[in-house]
Amino acid sequence: MAYRRAIITQFGGPEVLRVVEEATLPEPEPGEVRIRVLAAGVAFTDTMIRQGSYPDVKEEPPFTPGYDMVGVVDALGDGVTTLAVGQMVAELTVIGAYSEYICLDAERLVPVPDGVDPAEAVSMILTYVTAYQMLHRKAMIENGQRILVHGAVGTALLQLGGLLDLEMYGTASEAKAGHVAALGATRIDYRHEDFVARIDELTDDGVDAVFDGIGPETFRRSFRTLRPGGTLVIFGTAASDLSSMRAKIGLAFAALGLLVRRYLSRTRTVTGYSIAPRRRDHPEMFHEDLTALFKLVASRKIVPVIGRRVTLDEIVEAHELIDAFAVEGKIVLTFD
């Protein structure tokens, strides 16, 4: 039986993506299962992998991208007793999910509750696990505290923060004002306002945590908004082109400056977060946290915003939309 998958033919723009057909299905090795993929996330991280700038991926083209997936177990490899054919499961694959079929280690898979939309389930894996672990595992946020949110996982952070009755602030453009307000946060217009000054005006002594995925140009300023005992969580550099040596040196100096500030302040903390290394080092936490998120989405306590569902034939367009920041919400690759 034939199946289709997308591959990166070389590092570059969306045009390097191509759909190919394989003549036979992959066969699971001992301890693996074959999965018929129902949904795969299409995210900013995938575009970094496509460009060859994502540090956790060392593979050279051609290979199949796709950071996360939800699918149905289609066949069991020898020795697999914990899963059954027909069971819906999820995994953070990092690469490989843009495929109609994939073979994965059975022990890494997280069961998805019956009745959950696969597109909503896959939305939990990268973005919401990142937000959940930054809130609960890194910043150790408690009910009623204050947070400031920048960057790509803002919706997830604000939704999860709302469940904790947090006092929330989010930097966003005028076009996203209604969206931020609907999530229970006070918007700060980063294009026309100094967010450090606005936090100083809006709060007595700053915030308990800042989540910054923007880049070196905001890290130092984000640190200044922290109240005593607060934490700056850095989870990316979405607004920075780190392809040049000059940019990398700038990032290194920014990191050094933060370390000095942390040492001098004594009471405020800087920490980093990256989901793939944390998934590798703490698989039990990933399983626990994703299971908790599936329960929240199954009970409708959180509802992910799906901006667009695309087919495999539309994968180039999907990456073009992400590069242009042209879609609000998650783009999900769906398979018939």
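Parameters at a glance
- Residues numbered from 1 in each chain as written.
- Predicted model: local features only at pLDDT ≥ 70, side-chain atom pairs only at ≥ 80, totals over all residues.
- Heavy atoms only, no water.
- Buried < 20%, exposed > 50% of the residue type's maximum accessible area, 1.4 Å probe, protein only.
- Helix = DSSP H or I, 4+ residues; strand = E, 2+ residues; numbered from the N terminus.
- Pairing = 2+ DSSP bridges.
- Right-handed = clockwise from strand over helix to strand, strands pointing away.
- Polar contact = N/O pair within 3.5 Å; in protein donor to acceptor, adjacent residues only side chain to side chain.
- Contact = heavy atoms within 4.5 Å.
- Salt bridge = Lys/Arg side-chain N within 4 Å of Asp/Glu carboxyl O.
- Core = buried A, V, L, I, M, F, W, Y, C linked by side-chain atoms within 4.5 Å.
- Axes fitted to C-alpha atoms, helices over the stretch in contact; angles between N-to-C directions.
- pLDDT = per-residue confidence, 0-100.

Draft legend 1. Looking closely at the pairing of strand β9 (residues 167-171). Of all the five residues making up β9, four are buried; the element is thus mostly covered by neighbouring parts of the structure. Pairing geometry for strand β8 (residues 146-149) and β9, over four bridges, is parallel. Bridge pairing links leucine 148 to tyrosine 169 in β9. When β9 meets strand β10 (residues 185-188), the two strands line up parallel, connected through four bridges. In the strand pairing of β10, threonine 171 is matched with isoleucine 188. With helix α4 (residues 177-182) bridging β9 and its parallel neighbour β10, the resulting β-α-β unit is right-handed.

Draft legend 2. Highlighting the side chain of aspartate 189. Here aspartate 189 shows up in the loop between β10 and α5 (195-202). A distance of 3.0 Å separates the side chain of aspartate 189 from the backbone nitrogen of arginine 191, its partner in a polar contact. Among residues more than four places away in sequence, those in contact with aspartate 189 are Ala172 and Ser173.

Draft legend 3. Layout of the pattern of salt bridges. The tally for this structure, following the rule as stated, stands at 23 salt bridges. Taking the shortest distance from any N to any O, the salt bridge between aspartate 289 and arginine 137 comes out at 2.8 Å. One end of the pair, aspartate 289, is in helix α9 (residues 283-298); the other, arginine 137, is in helix α2 (residues 118-138), with 152 residues separating them in the sequence. With relative accessibility at 2%, the residue aspartate 289 sits in the buried group. Through salt bridges with shared partners, a single network forms among Arg146, Glu167, Asp205, Asp208 and Arg227.

Draft legend 4. Structural view of the nonpolar core. Counting residues in hydrophobic clusters, the biggest one holds 89 residues, and the most contacted among them are Tyr67, Ile147, Leu160, Phe211, Leu290, Leu293 and Leu333. Per-element tally for this core: the top contributor is α2, with 12 residues.

Draft legend 5. View of the sheet that holds strand β13 (residues 269-272). Sheet architecture is open: six strands sit in the order β10-β9-β8-β11-β12-β13, paired in parallel fashion. The open sheet is flanked by β10 and β13, the only strands paired with a single partner. When the angles between neighbouring strand axes are averaged without regard to direction, this sheet yields 20 degrees. Judged from the five bridges that link them, strand β11 (residues 207-212) and strand β12 (residues 226-234) form a sheet pairing that is parallel. For valine 210, the partnering residue across the bridge sits in β12 and is leucine 232.

Draft legend 6. Summary view of the confidence of the model for the protein chain. In this model, the protein chain carries a mean pLDDT of 91, and residues with pLDDT of at least 70 account for 90%. Within the model, the stretch residues 239-244 combines pLDDT values under 50 with 12 contacts to residues more than four positions away or in other chains.

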